[in-house]
Amino acid sequence: MIVEDFSVRLKKAMTYRNMKQVDLCNKSGIDKALISNYLSGKYKAKQDKLHKLAIALDVSEGWLMGYDVDMDRDWLPDNNEDLLNIKIDNARYIETTTKTVKIPILGKVPAGIPIEAIENILGYEKIGKLIRKFSIPCIISLLVNSLYNIVDQIFIGWGVGYLGNGATNVVFPLTMICLAFALMFGDGASAYLSLKLGQKKNEEAAKGIGNGISLSVIISIILFTIIELFLPTLLNVFGCTDEFMSYALSYGRIIGVGLPFMIIGTTLNSMIRADGKPKYAMTSMVIGAILNVILDPIFIFALKKGVEGAAIATVISQIVTFVINILYIKKFQSIKLNKKSFKLKLNVALKVSALGISSFITQMSIVLVIAFENNLLKKYGGESKFGSEIPITVLGIVMKISQILNSIIIGISAGAQPILGYNYGARKFGRVKDTLKIVLGLSVIISTIAFILFQTIPDKLISIFGSGDENYMEFACIAFRTYLMLCICNGIQIPSGIFFQAIGKSIKSAILSLSRQVLFLIPAMVVFGHMFGIQGVLYSGPFADGLAFIIASILLINEVRKLKNGTEKNIRNKKADTNIIKVDFGK
């Protein structure tokens, strides 16, 4: 039943939110003159404008249109099962003693109940549905990010040859360094956001997002300066040979220009996903990737720019993605950002960085691995029939193809991160465990499929990146089957690290991120390489995967037991969600 006019409800909501007309214009994106007409009663908002107003004012569309909902017994249908059929557009859920029911936030909610007492979707929606909503766009976004370099290598392989591909491999660590910082601030701020929202501390959550963005801007400027000034030295550190150097310099100097846009854009992408807009985050990445696929052949083949053309195409695509993500800053739904949010606060910046340290270590460890790997392949490959260039080129491609596998697993896990973080912060440990089970199950299935492909069709996979001589194809098959022999273990190790990151256990998360790449793989490459030459470098991969899997399993089992027994350290055993509105439909 409509009990009040639209204009009356609009004024009430603005008063309740302490929002002036200009504030509503800025937040909703609706013209000031049109809002004046709404307030005067001259017009009623159409569906698209109504939706924007409801989001800006944080109310339901049904309430804003004048519908009233009473929480008294008389309002309820005689048969409580009929509650499932009640639909009020855009209303939030409130938990009851018997079931969950939709009501408008500004309906007849008891006086004095803060808006933060309304439950977030992460705390009640079916977990499978939430994972689909968050993880699928996240997977696509990460795959697209991985494809930036892979697409370059495909076109370079066919347009320039494997020396061009080898050159991009020695430049790739520079991109990974920038990505490490982007994910540290983006994932860290996202975890901070989820945890604070779960604790009903929205203002603190906004500070975490603002600080994460500010940190990404500062570090992007610093890294751009270092790369442009010291590029030749950096390339030598990453194992560049004389044959690669000219290609690598041409490619690297142009790529360096786009890296600040990539850092800020990627940081924002993680935050947008955590704000409940995974499709927006996915779309920005997909647009950039499609543009890169279109521009690569134009610059490489039509304009005959070679590796420089591939770099130009990548930079243009990164700028487009950056612009799309920047436009979202004023559209955050779960928080309200202002100038104070972006002001760096040491405690917030440190907490954001600590929560994102697992992502940082994961990416930086890849940089260290590539540096050691390229230099060892350069040395031991030169002593074999394959030479230095073929092993560096091939293993670089192998690692990037395996990164596709990891992107899917990381996407599943990172997509579940807000679910894990919110419910852990809200002390809903049962939902935390259920989410973890689904994530692990999906990850193991994906890694098993990848293992089968790597073992059965390595020649087909390497052929995507151009052709080579007999030695090139022989080494490619050996590398896939040996180096990725235990890639199935990634289905446990990677989700475990992200799980600990999501629940705020940054030290355990860092240990898992360090274990595979730094603690096991690099020492194994050095020792096995010295003992068995180039074959030893390849066997270090499964050795590290196996040990990292054991460590992850031990830490994960212990943590799940704590959740199950309700003995989580520093958390008192008390009834969860005491601030959630409870409505008794009993007597």
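Owing to the predicted nature of the structure, the values given are computational and were not obtained by experimental measurement.

### Details of the packing of helix H8 (residues 202–237) against helix H9 (residues 242–274)
Then comes step 1: Direction vectors running N to C along H8 and H9 enclose 170°, while the axes themselves pass 9 Å from each other. Here H9 runs roughly antiparallel to H8, going by the angle between their axes.
Then comes step 2: A per-class count over the contact of H8 with H9 returns 20 nonpolar, seven polar and two charged.

### Examining the confidence of the model for the chain
Then comes step 1: Summing up the model confidence of the chain, the mean pLDDT is 81 and the portion of residues at 70 or higher is 85%.
Then comes step 2: Helix H11 (residues 306–326) holds the highest mean pLDDT among the elements of the chain, 94, whereas strand S1 (residues 92–95) holds the lowest, 37.
Then comes step 3: A low-confidence stretch, residues 567–587 stays under pLDDT 50, and its non-local contacts, those more than four residues away or across chains, total 44 contacts.

### Some points on the packing of aromatic side chains
Aromatic ring pairs are described here by two measures, namely the spacing of the ring centres and the angle between the planes.
Then comes step 1: Enumeration over the complete set of coordinates arrives at 13 aromatic pairs.
Then comes step 2: Following the ring pairs from residue to residue traces out a cluster consisting of Phe-181, Phe-185 and Phe-360.
Then comes step 3: A cation sits over an aromatic face here: Lys-400 above Phe-172, 4.4 Å from the ring centre.

### As for the packing of helix H19 (residues 490–502) against helix H21 (residues 534–565)
Then comes step 1: It is the contact of H19 with H21, at a shortest axis distance of 9 Å, that shows an interaxial angle of 45°. With respect to H21, the axis of H19 lies oblique. Of the two elements, H19 crosses H21, and the hand of that crossing is left-handed. Where H19 approaches H21, its residues Asn-490, Ile-492, Gln-493, Ser-496, Phe-499 and Phe-500 are matched on the opposing element by Asp-545, Ala-548, Phe-549, Ala-552, Ser-553, Leu-555, Leu-556, Glu-559 and Leu-563.
Then comes step 2: Looking at the contact of H19 with H21, its residues break down into nine nonpolar, four polar and two charged.

### Here we look at unusual backbone geometry
Then comes step 1: Look at Lys-304: it is not a glycine, yet its phi comes out positive at around 55°.
Then comes step 2: Relative to the helices and strands, Lys-304 is located in the loop between helix H10 (278–302) and H11.
Then comes step 3: What makes Lys-304 exposed here is its relative accessible area of 70%.

### Regarding H8
Turn by turn, an α-helix covers 3.6 residues, leaving residues three or four places apart pointing in a common direction.
Then comes step 1: Its 36 residues place the ends of H8 only 44 Å apart at the C-alpha level, less than the 52 Å of an ideal helix rising 1.5 Å per residue.
Then comes step 2: Approximately 85° is the largest bend angle found in H8, and it occurs at Phe-230, with the proline Pro-232 only one to four residues beyond.
Then comes step 3: A positive phi of about 85° marks Gly-239, the residue just after H8.

### What about the pattern of salt bridges?
Then comes step 1: Enumeration according to the criterion identifies six salt bridges in this entry.
Then comes step 2: The salt bridge involving Lys-207 is made with Glu-204; its shortest N-O contact spans 3.6 Å. Here Glu-204 and Lys-207 lie together in helix H8, a separation of three residues that amounts to about one turn.
Then comes step 3: What makes Glu-204 partly exposed here is its relative accessible area of 29%.
Then comes step 4: Among the salt bridges present, the one from Asp-545 reaches Arg-516, with a minimum N-O distance of 2.6 Å.

### Some details on the environment of Ile-154
Then comes step 1: Note on placement: Ile-154 falls in helix H6 (residues 127–159).
Then comes step 2: For Ile-154, a relative accessible area of 23% corresponds to the partly exposed category.
Then comes step 3: Each C-alpha atom, one on Ile-154 and one on Ile-397, is 9.8 Å from the other, the two residues being 243 residues apart in sequence.
Then comes step 4: Each residue touching Ile-154, except ones within four places of it in the same chain, is listed here: Ile-464 and Phe-465.

About the cut-offs
Residues numbered from 1 in each chain as written. Predicted model: local features only at pLDDT ≥ 70, side-chain atom pairs only at ≥ 80, totals over all residues. Heavy atoms only, no water. Axes fitted to C-alpha atoms, helices over the stretch in contact; angles between N-to-C directions. Helix = DSSP H or I, 4+ residues; strand = E, 2+ residues; numbered from the N terminus. Parallel < 35°, antiparallel > 145°, perpendicular 65-115°, else oblique. Nonpolar A, V, L, I, M, F, W, Y, C, P; charged D, E, K, R; others polar. pLDDT = per-residue confidence, 0-100. Contact = heavy atoms within 4.5 Å. Phe/Tyr/Trp six-rings, centres within 6.5 Å; stacked < 30°, edge-to-face > 60°. Lys NZ or Arg CZ within 6 Å of the ring centre and 35° of its normal. Left-handed = near helix turned anticlockwise from the far one by under 90°. Buried < 20%, exposed > 50% of the residue type's maximum accessible area, 1.4 Å probe, protein only. Expected span 1.5 Å × (residues − 1). Bend = angle between axes of the 7 residues up to and from the residue. Salt bridge = Lys/Arg side-chain N within 4 Å of Asp/Glu carboxyl O.

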